[in-house]
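# Structural features, examined
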Amino acid sequence: MPKIRKIRIEDRKDSRGGGYSRRKFTVEEANAIRKEYTNATQKITISSLARKYSVSQPLMYQLIKGKTYTDGGTGGIGGKHRGYKGA
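Sequence order as written defines the numbering, with residues in each chain counted from 1. Whole-chain, interface and lining totals are the exception, using all residues; otherwise, since this is a predicted model, local features are given only for residues with pLDDT of at least 70 and side-chain atom pairs are given and counted only at 80 or more. By convention in this description, side-chain values take in all heavy atoms of the structure and omit both hydrogens and water.

Our focus in this paragraph is the confidence of the model for the protein. Low-confidence regions, as indicated by low pLDDT, have predicted coordinates that should not be scrutinised in detail. pLDDT is a per-residue confidence score from the predictor, ranging from 0 to 100. Taken residue by residue, the protein gives an average pLDDT of 74. The fraction at 70 or more is 56%. Summarising per-element confidence for the protein, the mean pLDDT is lowest in helix H1 (residues 27-38) (92) and highest in helix H2 (residues 46-52) (94). Confidence over residues 78-87 falls short of pLDDT 50; this stretch has 13 contacts with residues more than four positions distant or in other chains. Under the DSSP-based scheme used, a helix requires at least four consecutive residues in state H or I and a strand at least two consecutive residues in state E, with every element numbered from the N terminus. A contact between two residues is defined here by any heavy atoms of the two lying within 4.5 Å.

Encoded structure:
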């Protein structure tokens, strides 16, 4: 039986964290984008944020609404997300 080599954190493909190699943002960056959206002095659209960060509009919508890039809490602007069983 071959010996299984342990992978060091530095050698992982997913440098953004979360276990996904193609992830564009970290959870902290996503939270900063949500904050930018809610605290904008002028109206900012999800589409303009998507262009700014070079991602698709549906991905930015999911990020803003807390459907993706969450740390397991209640999520972003939309409140509770599916699967959350809070008190």
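Here the focus is H1. Helical geometry note: an α-helix holds 3.6 residues per turn, so side chains three or four residues apart project in the same direction. Here H1 is twelve residues long and its end C-alpha atoms lie 17 Å apart, about the 16 Å a rise of 1.5 Å per residue gives. In this scheme, a residue with accessible area under 20% of its type's maximum is buried, one over 50% is exposed, and one in between is partly exposed, where area comes from a 1.4 Å probe on protein chains only. Listing the buried residues of H1 in full gives Val27, Ala30, Ile33 and Arg34. Taken end-on, H1 shows its buried residues confined to a sector of 115 degrees, consistent with a single buried face. Seen from the buried face of H1, the exposed residues on the opposite side, beyond 90 degrees, are Glu28 and Lys35. In this scheme, a helix's expected span is set at 1.5 Å multiplied by one less than its residue total. Summarising the geometry, the arc corresponds to the directions from the helix axis toward the C-beta atoms.

Let us now look at the packing of aromatic side chains. Stacked, tilted and edge-to-face pairs are distinguished by plane angle, under 30 degrees for stacked and over 60 for edge-to-face with tilted covering the rest, among Phe, Tyr and Trp rings (Trp via its six-membered ring) whose centres lie within 6.5 Å. Under the criterion given, the structure shown has two aromatic pairs. Ring geometry for Phe25 against Tyr53: centres 5.9 Å apart, planes inclined by 85 degrees, an arrangement best described as edge-to-face. A residue pair is termed long-range when its members are at least 10 positions apart, and Phe25 in the segment before H1 and Tyr53 in the loop between H2 and helix H3 (57-65) qualify at 28 residues. Arranged with centres 5.7 Å apart and planes meeting at 65 degrees, the rings of Phe25 and Tyr69 form a pair that is edge-to-face.

Now for the nonpolar core. Note on terminology: a nonpolar core comprises buried Ala, Val, Leu, Ile, Met, Phe, Trp, Tyr and Cys residues joined through side-chain atoms within 4.5 Å. Of all hydrophobic cores here, the largest spans eleven residues; its members are Phe25, Ala30, Ile33, Ile46, Leu49, Ala50, Val55, Met60, Leu63, Ile64 and Tyr69. Of all the secondary-structure elements, those providing two or more residues to this core are H1, H2 and H3. Not counting residues within four places of it along the chain, the set of residues in contact with Ile46 comprises Tyr37, Gln57, Met60, Tyr61 and Ile64.

What follows covers unusual backbone geometry. Its identity as a non-glycine residue notwithstanding, Ser54 has a phi of 55 degrees, on the positive side. Examined against the element boundaries, Ser54 turns out to sit in the loop between H2 and H3. Judged by relative accessible area, Ser54 falls into the exposed class, the value being 57%. Not every positive phi belongs to a glycine, and Tyr69 is a case in point at roughly 55 degrees. Relative to the helices and strands, Tyr69 is located in the segment after H3. With relative accessibility at 6%, the residue Tyr69 sits in the buried group.

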